[in-house]
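Understanding the architecture of this molecule
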Amino acid sequence: DAGVIQSPRHEVTEMGQEVTLRCKPISGHNSLFWYRQTMMRGLELLIYFNNNVPIDDSGMPEDRFSAKMPNASFSTLKIQPSEPRDSAVYFCASKTGSDTEAFFGQGTRLTVV
Amino acid sequence: AQSVTQLGSHVSVSEGALVLLRCNYSSSVPPYLFWYVQYPNQGLQLLLKYTTGATLVKGINGFEAEFKKSETSFHLTKPSAHMSDAAEYFCAVSDWYSSASKIIFGSGTRLSIRP
């Protein structure tokens, strides 16, 4: 099993540019989570999906952030326009309905300059 | 709403000493509780979990944690620290109520090991 796959691993972009982060969950997993990790705020849940449907997006910081899950094997987190304060490590995680724990990807380190 | 509080953002112990990382939770329903470990530049890896049954749970790398409902705590311990235990540790809570439950993390505790 390849685990949760995130791409890219590192992204450096200029302020104002659009950024798209990608996640491929573990095959067969039907819940997918996007987290953001910063020194100041720790690990924050941004949004999560169940069976491709967004269940709770209350953690999405602003309208500049959007997430989609067009099918069971792919999700994106988009920031448009990006700002320096969006710099963080973004993690994707997935689980099945019968799992109790989530399985994490390696993360995408985003730097907005 | 569920929440997790980790006491101490940084804990330092000597190699061979007891490791104790503290976690208190808040949940309106019986919780699932987790400890995850994060090594530098890596994702989070599950150390151990409590769902139901035995309140003392054992995990990987010699760690264990005890669920104490009366104290709403789930502290992580290891009898003897090893240099390789240096990492960030996260306590997390979920609930059994729904298969679509979210998992909420504490702010993390950085564990340093002194030679």
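It should be noted that the structure appears before, not after, this text.
First things first, this report covers the structure right here in the doc. All of these numbers come straight from a predicted model, not from anything done at the bench.

Basis of the calculations
- Residues numbered from 1 in each chain as written.
- Chains lettered and ligands numbered in written order.
- Predicted model: local features only at pLDDT ≥ 70, side-chain atom pairs only at ≥ 80, totals over all residues.
- Heavy atoms only, no water.
- Helix = DSSP H or I, 4+ residues; strand = E, 2+ residues; numbered from the N terminus.
- Rg over C-alpha atoms; globule rule 2.2 N^0.38 Å.
- Contact = heavy atoms within 4.5 Å.
- Areas by Shrake-Rupley, 256 points an atom, 1.4 Å probe, with all protein chains shown as cover.
- Lys, Arg positive; Asp, Glu negative; His and termini not counted.
- Charge placed at Lys NZ, Arg CZ, Asp CG, Glu CD.
- Buried < 20%, exposed > 50% of the residue type's maximum accessible area, 1.4 Å probe, protein only.
- Pairing = 2+ DSSP bridges.
- Core = buried A, V, L, I, M, F, W, Y, C linked by side-chain atoms within 4.5 Å.
- Polar contact = N/O pair within 3.5 Å; in protein donor to acceptor, adjacent residues only side chain to side chain.
- 1 Å grid on protein atoms, 1.4 Å probe; cavity = no way out; pocket = protein on both sides within 12 Å on 5 of 7 lines; lining within 4 Å.
- Points joined across faces, edges and corners; volume = space filled by probe spheres on them.
- Nonpolar A, V, L, I, M, F, W, Y, C, P; charged D, E, K, R; others polar.
- Buried area = accessible area lost by both parts, 1.4 Å probe.
- Salt bridge = Lys/Arg side-chain N within 4 Å of Asp/Glu carboxyl O.

What about the overall build of chain B?
From N to C terminus, chain B includes 0 helices and 11 strands. Order of helices (α) and strands (β) in chain B, N terminus to C terminus: β-β-β-β-β-β-β-β-β-β-β. Expected size for 115 residues packed as a compact globule is a radius of gyration near 13 Å; at 14 Å, chain B falls within 12% of this value. Viewed in the frame of its principal axes, chain B has a C-alpha envelope of about 45 × 30 × 20 Å. At a minimum sequence separation of 6, the contacts of chain B that also span at least 24 residues come to 57%. For chain B, the accessible area works out to roughly 5,400 Å², and carbon and sulfur atoms hold 53% of it. In chain B, the 9 positive side-chain charges and the 7 negative ones have mean positions that sit 2 Å from each other.

Overview of the overall build of chain A
Assigned secondary structure in chain A consists of 0 helices and 11 strands. Along its sequence from the N terminus, chain A presents helices and strands in the succession β-β-β-β-β-β-β-β-β-β-β. Here the C-alpha atoms of chain A give a radius of gyration of 13 Å, agreeing with the 13 Å that 2.2 N^0.38 yields for 113 residues. Judged by the C-alpha coordinates and their principal axes, chain A covers about 40 × 25 × 25 Å. A sequence separation of at least 24 residues applies to 53% of the contacts in chain A between residues at least 6 apart. A total of about 5,400 Å² of accessible surface is found on chain A, and carbon and sulfur atoms cover 50% of it. Between the averaged position of the 11 positive side-chain charges in chain A and that of its 13 negative side-chain charges there is a distance of 3 Å.

A short note on unusual backbone geometry
For the peptide bond that leads from Ser-7 of chain A to Pro-8 of chain A, omega is -10°, which places it in the cis range. Here Pro-8 of chain A lies in the loop between strand 1 (5–7) and strand 2 (10–13). The omega angle of the peptide bond from Gln-80 of chain A to Pro-81 of chain A is -5°, so this bond is cis rather than trans. Locating Pro-81 of chain A in the fold gives a position in the loop between strand 8 (74–79) and strand 9 (88–95). In this model, Asn-61 of chain B sits at a positive phi of 60°, which is unusual for a non-glycine residue. Within the chain, Thr-72 of chain B stands out as a residue other than glycine whose phi angle is a positive 45°. The residue Thr-72 of chain B is located in the loop between strand 7 (64–68) and strand 8 (73–78) in this model.

Focus on the pairing of strand 1 (residues 3–7) of chain B
Residue and element names in this part refer to chain B. Along strand 1, the buried face is formed by Val-4 and Gln-6; none of Ser-3, Thr-5 and Leu-7, which line the opposite face, is buried. In this sheet, strand 3 (residues 19–26) lies alongside strand 1 in antiparallel orientation, the contact comprising 5 bridges. Residue pairing in the sheet places Leu-7 in a bridge with Arg-22 of strand 3.

Thoughts on the nonpolar core
Ranked by size, the top nonpolar core spans 45 residues in total, and within it Tyr-35 of chain A together with Trp-35, Tyr-89 and Phe-105 of chain B carry the most contacts. In contact with Tyr-89 of chain B, other than residues within four places in its own chain, are Gln-6, Leu-21, Trp-35, Tyr-36, Val-37, Leu-47, Phe-63, Leu-76, Gly-108, Thr-109 and Leu-111 of chain B. In this structure, Val-4, Val-19, Phe-65 and Val-112 of chain A belong to the second largest nonpolar core, which totals 21 residues.

A few points about the environment of Ser-94 of chain A
Residue and element names in this part refer to chain A. Position of Ser-94 among the secondary structure elements: in strand 9. Residue Ser-94 is classed as buried on the basis of its relative accessible area of 0%. Ignoring anything within four residues of it in the chain, the contact list for Ser-94 reads Val-4, Pro-25, Ile-26, His-29, Ser-31, Leu-32, Glu-101, Ala-102 and Phe-103. Of note is the side chain of Ser-94, whose polar atom sits 3.4 Å from the backbone nitrogen of Ile-26.

Here's the deal with the layout of surface pockets
By volume, the largest pocket is sized at about 610 Å³. Around the largest pocket sit 27 residues that line it, and Gln-37 and Met-39 of chain A together with Gln-38, Glu-88 and Arg-110 of chain B are the ones nearest its centre. Elements with a contribution of two residues or more to the lining of the largest pocket: strand 4 (31–38), strand 9 and strand 11 (108–112) of chain A together with strand 9 (87–95) of chain B. The element contributing the most residues to the lining of the largest pocket is strand 11 of chain A, with 4 residues. Classifying every residue of the lining of the largest pocket by side-chain character gives 8 nonpolar, 15 polar and 4 charged.

Here's the deal with the interface of chain B and chain A
Each partner contributes to the interface: chain B provides 19 residues, whereas chain A provides 20 residues. Taken over both partners, the interface formed by chain B and chain A buries close to 1,700 Å², and the fraction arising from carbon and sulfur atoms is 53%. Summed over the shared surface of chain B and chain A, the number is 2 salt bridges. One salt bridge connects Lys-102 of chain B with Asp-56 of chain A, and the closest N-O pair in it is separated by 2.8 Å. For the interface between chain B and chain A, the tally reads 6 residue pairs in polar contact (both at pLDDT 80 or more).

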